[in-house]
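One letter stands for each residue in the lines below.
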Amino acid sequence: MSTATSSRPLTAPSPHAPAAGGARRRSRSRTRLELAFLLAPALVLFTAFVLIPICVAAYYSLYSWNGFGPLTDFVGLGNYVDAFSGDVFQSAIGHNLIIVALTIIVQLPLSIGLALLLNRKLRGRTFLRMVVFAPYVLSEAVTAVIWLLILQPGGFIDELLRGAGLGFFVRQWLADPKIVLYTLFVVITWKYIGFGVILLLAALQNIPAELREAAALDGASPWQATRHVVLPLLGPTIRVWIFLAVIGSLQLFDLVWIMTLGGPANASATMVSYLTDHGFKRYEFGFGSAVAVILFIICFTFALLYQRYALRRDTEGAQTRAVN
């Protein structure tokens, strides 16, 4: 009897096990099909309007081509050498880097300060938020035309300074090579600061009020609570804003082209305005394509490094929360 009992299997195989495995496989296949169906339109558009133009620009950059006729004058990397050896292109890169630095040094603290102010319970807070964000809604062309009228000789800014007894501050705002870039930065700040304020306001509203109250109970002053509680919690949003601001500053074009055409004497030229001037005004499409590829490499390299070293912990934290 004991032998018969020991020879009996402890657990009988479930007749539903193969069916369950097949169901799981069908579920995974269905999930893959759904993902492919949903991602296919975006991948097609991304390939058609991003990847293919990049490859075509890289191909054109190897030729000295004026946009007409076949590609016959192969120059290899000659366009790249000419670009980097040109004083104007070097200055354009420097101008973009100056805008990047000023954006981080000036716009970021100003955006944080305005966001902290507009997050308080103030009378007319909604109206003030609208006033700060309204310039961002305007198109770059409209903004450029408005500020061209404001900054023209004898315009609103000049008359305002003279009326306030500060006529000695009047300058040729867009014609003086020494100040034109900083004048453009003021316009850029006026145009885009609302975007940063809205991002930071959204982040501030997600910070629990209990944290400030706990800091106050521990004896922290309002500044200490802001410095040691609020600002660290704004870190992920600030890092995203810096990423977007740097990429936007490197690709700055519309305001510069409409207001100054990169002048006077290339004092406000950026990489994109330099590209447009050579590629479309001078019909140097091969050279312009080389400049476009250089700009793409700069932006792509920055994006990879920034995501690798600055945004990695934010991404890992988001993935951990999603898994949990």
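Since the structure is predicted, the reported quantities are computational estimates derived from the model, not experimental observations.

Q: I tried to follow the packing of helix α9 (residues 209-217) against helix α10 (residues 222-233) on my own but got confused; where do I start?
A: When two helices pack together, you describe them by how their axes are tilted relative to each other and by the distance separating the axes. It is the contact of α9 with α10, at a shortest axis distance of 10 Å, that shows an interaxial angle of 155°. In this view, α9 runs roughly antiparallel relative to α10, as classed from their interaxial angle. Like other packed secondary-structure pairs, α9 and α10 cross with a definite hand, here right-handed. In this structure, α9 uses L211, R212 and A215 to contact α10, whose residues at the interface are A225, T226, V229, V230 and L233. A per-class count over the contact of α9 with α10 returns 6 nonpolar, 1 polar and 1 charged.

Q: When you look at the packing of aromatic side chains in this model, what are you seeing that I'm missing?
A: A ring pair, where both rings are aromatic, is described by two values, the distance of the centres and the angle of the planes. Counted under the stated rule, the structure contains 21 aromatic pairs. When the ring of F68 is compared with that of Y283, the centres are 5.9 Å apart and the planes differ by 40°; the resulting orientation is tilted. Separated by 215 residues along the polypeptide, F68 in the loop between α2 (17-60) and α3 (78-85) and Y283 in the loop between α13 (271-281) and α14 (285-309) bring together distant segments of the chain. With a centroid separation of 5.7 Å and 25° between ring planes, the pair formed by F253 and W257 is classed as stacked. Among the residues examined, W257 registers a relative accessible area of 18% and is labelled buried. Here K191 stacks its cationic end above the ring of Y192, 4.8 Å away from the centre of that ring. Note that R308 overlies the ring of Y309, its terminal NZ or CZ placed 5.2 Å from the centroid.

Q: Please clarify how unusual backbone geometry should be interpreted in this entry.
A: Most peptide bonds take the trans form, and the phi angle of most residues other than glycine is negative. Look at the link from G263 to P264: it is a cis peptide, with omega at -5°. Among the secondary structure elements, P264 is positioned in the loop between α12 (254-259) and α13. Phi at L261 takes a positive value of approximately 55°, unusual for a residue other than glycine. Position of L261 among the secondary structure elements: in the loop between α12 and α13. Of note in this structure, A265 is not a glycine but carries a positive phi near 55°. Structurally, the position occupied by A265 is in the loop between α12 and α13. Residue A265 is classed as exposed on the basis of its relative accessible area of 72%.

Q: Quick question: what am I supposed to make of the side chain of H95 here?
A: Along the chain, H95 falls in helix α4 (residues 87-118). A distance of 2.7 Å separates a polar atom in the side chain of H95 from the backbone oxygen of A269.

Q: Is there a simple way to think about α10 in this case?
A: The periodicity of an α-helix, 3.6 residues per turn, causes residues three or four positions apart to be oriented the same way. Over its 12 residues, α10 runs 15 Å from end to end, which matches the ideal 16 Å to within 8%, given 1.5 Å per residue. Looking at the buried residues of α10, the elements they touch are α4, α8 (180-205) and α9.

Q: Could you clarify how one ought to interpret the packing of α8 against helix α11 (residues 235-250) in this entry?
A: Where α8 contacts α11, the axes come no closer than 10 Å and their chain directions differ by 160°. For the element pair α8 / α11, the angle class is roughly antiparallel. Considering the relative orientation of α8 and α11, their crossing is right-handed. Residue-level contacts link F195, G196, L199, L200 and A203 of α8 to T237, I238, W241 and L244 of α11.

Q: How should I be thinking about α11 in this particular structure?
A: Given a rise of 1.5 Å per residue, 16 residues ought to cover 22 Å, and the 23 Å separating the end C-alpha atoms of α11 matches this to within 8%. In terms of burial, α11 is largely enclosed, as 12 of its 16 residues are buried. When α11 is considered as a whole, its buried residues turn out to be G235, T237, I238, R239, W241, I242, F243, A245, V246, I247, S249 and L250.

Q: Where do I start with the nonpolar core in this structure?
A: Generally speaking, soluble globular proteins have nonpolar side chains that are buried together. Formed by 44 residues in total, the largest nonpolar core has its most connected members in F89, V197, L234, I238, I242 and V291. Among the elements of the structure, α3, α4, α8, α11, α13 and α14 are those that each provide at least two residues to this core. With 9 residues, the top contributor of residues to this core is α14. The residues touching V291, leaving out its near neighbours within four places in the chain, are A83, F89, M271, Y274 and L275.

Q: How should I be thinking about the pattern of salt bridges in this particular structure?
A: When charged atoms on two side chains of opposite charge get close, those side chains can pair. For the coordinates displayed, the defined rule picks out 3 salt bridges. A salt bridge links R30 to E34, with the nearest nitrogen and oxygen atoms 3.4 Å apart. Of this pair, R30 and E34 both sit in helix α2, separated by 4 residues, roughly a single helical turn. R30 gets classed as exposed once you look at its relative accessible area, which sits at 59%. With its nearest N and O atoms 3.4 Å apart, the salt bridge here joins E159 to R162. Taken together, the positions of E159 and R162, both in helix α7 (residues 156-163) and 3 residues apart, correspond to about one turn of that helix. Given the relative accessible area of 45%, E159 is considered partly exposed. The partly exposed category is assigned to R162, whose relative accessible area is 43%.

What counts, and at which threshold
- Residues numbered from 1 in each chain as written.
- Predicted model: local features only at pLDDT ≥ 70, side-chain atom pairs only at ≥ 80, totals over all residues.
- Heavy atoms only, no water.
- Axes fitted to C-alpha atoms, helices over the stretch in contact; angles between N-to-C directions.
- Helix = DSSP H or I, 4+ residues; strand = E, 2+ residues; numbered from the N terminus.
- Parallel < 35°, antiparallel > 145°, perpendicular 65-115°, else oblique.
- Left-handed = near helix turned anticlockwise from the far one by under 90°.
- Contact = heavy atoms within 4.5 Å.
- Nonpolar A, V, L, I, M, F, W, Y, C, P; charged D, E, K, R; others polar.
- Phe/Tyr/Trp six-rings, centres within 6.5 Å; stacked < 30°, edge-to-face > 60°.
- Buried < 20%, exposed > 50% of the residue type's maximum accessible area, 1.4 Å probe, protein only.
- Lys NZ or Arg CZ within 6 Å of the ring centre and 35° of its normal.
- Polar contact = N/O pair within 3.5 Å; in protein donor to acceptor, adjacent residues only side chain to side chain.
- Expected span 1.5 Å × (residues − 1).
- Core = buried A, V, L, I, M, F, W, Y, C linked by side-chain atoms within 4.5 Å.
- Salt bridge = Lys/Arg side-chain N within 4 Å of Asp/Glu carboxyl O.

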